[in-house]
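Below, each chain spelled out in residue letters.
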Amino acid sequence: MPIVDPRTGEPLTSDTPTETATAAQEQGQPRDDLIIDVDRSNIQQLLETSMQVPVLLDCWAPWCEPCKNLMPVLEKLTREYNGAFILAKLNIDDNQDIAGQLGVRSVPDVKLISQGGLVDHFQGALPEKQVREWLGKYFPEPEGAQLSPEEQAAAALEAGDADTARQIYAELSQQWPDHGPYKIELARTLVATGEPEEARALLDALPPEERDAPAARGVRASIEFGEEAPSADELAALEGRDDSEAQYQRALRQVADGQYEPGLEALLALMKRDRAYGDDAARKTLLRVFDALGADHPLTVTYRRKLFAQLY
């Protein structure tokens, strides 16, 4: 499939693969000519190559720590795409004249070149998920694509393996220390592994704009639910009771344990049965659960609609 310019819809490359790409694809093996170093000796040849296959030009420098984080991500994805593009690495310290001609002002600077011209670029060390999304604007997803670290963490959480998810986000947070969303997700996994105070401290250390973002508020709500929910003994003492207080406490416990759907259903039922209970506690708690789940979560969408229908 040719690369397509999203701005015009016009193809930027030929549909005809090179002989090397065809042979590698037929054998199902990664190619060994996908990653090259570029300098004065081969920059012209690289531009000529871009007439046949797109080139991802990674402008980096040895002193640039973010470059060292991004380069392995680009190399991994280049091998994964296996011939959709070539990764060319330009050391700007050794090739200042080329960097100047390309308009490189800070690194990392990644440029997508096709047909000898610049198609798009991004600056800064983007996490793998964002690089995948950027590449997805121009290339179809490769067959057998690996899960991103974020997807691996989500799968682990869904399988009940919070420890693995925590380890993934701990590594991502260390690798990308300025990427606040990773720290928020690490805090979420700390809550899931029974370490709410560590999670709270991590959230408190975030910059104000990230500390007050919806995702961070959601994690704080999860911590609060764990603190407010009845203990096992307190829950046992409610056995046989069907009053509003008992219903509310059971719903809190379900939410704190991650049983969101039954908890939301119980809160909605309590709101319908006894709206006045606890100064409208059921409705207010529903909103806090929505906050904890996030606006785009399927349960948030479903139960927000149910809540609206019950109110109006």
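Structure: above.
Residues numbered from 1 in each chain as written. Predicted model: local features only at pLDDT ≥ 70, side-chain atom pairs only at ≥ 80, totals over all residues. Heavy atoms only, no water.

### Let's talk about the packing of aromatic side chains
Piece 1. If you walk through the whole model with that rule in mind, you get eight aromatic pairs.
Piece 2. Judged by centre distance (4.9 Å) and plane angle (80°), the rings of Phe-122 and Trp-134 are edge-to-face. Pair noted here: Phe-122 is in strand E5 (residues 117-123) and Trp-134 is in helix H5 (residues 128-135), with a separation of 12 residues, a long-range link. The pair Phe-122 / Trp-134 is uniform in exposure class, with both members buried. (Phe/Tyr/Trp six-rings, centres within 6.5 Å; stacked < 30°, edge-to-face > 60°. Helix = DSSP H or I, 4+ residues; strand = E, 2+ residues; numbered from the N terminus. Buried < 20%, exposed > 50% of the residue type's maximum accessible area, 1.4 Å probe, protein only.)

### Overview of unusual backbone geometry
Piece 1. Residue Pro-108 is bonded to the preceding Val-107 through a cis peptide linkage, with omega at 0°.
Piece 2. Structurally, the position occupied by Pro-108 is in the loop between helix H4 (96-102) and strand E4 (109-114).
Piece 3. In the Ramachandran plot, Gln-115 falls in the positive-phi region, its phi being about 55° despite a non-glycine side chain.
Piece 4. Take Gln-115: it is sitting in the loop between E4 and E5.
Piece 5. In this structure Gln-115 comes out as partly exposed when scored by relative accessible area, which is 37%.
Piece 6. The phi dihedral of Asp-279 falls on the positive side, at around 55°, and the residue is not glycine.

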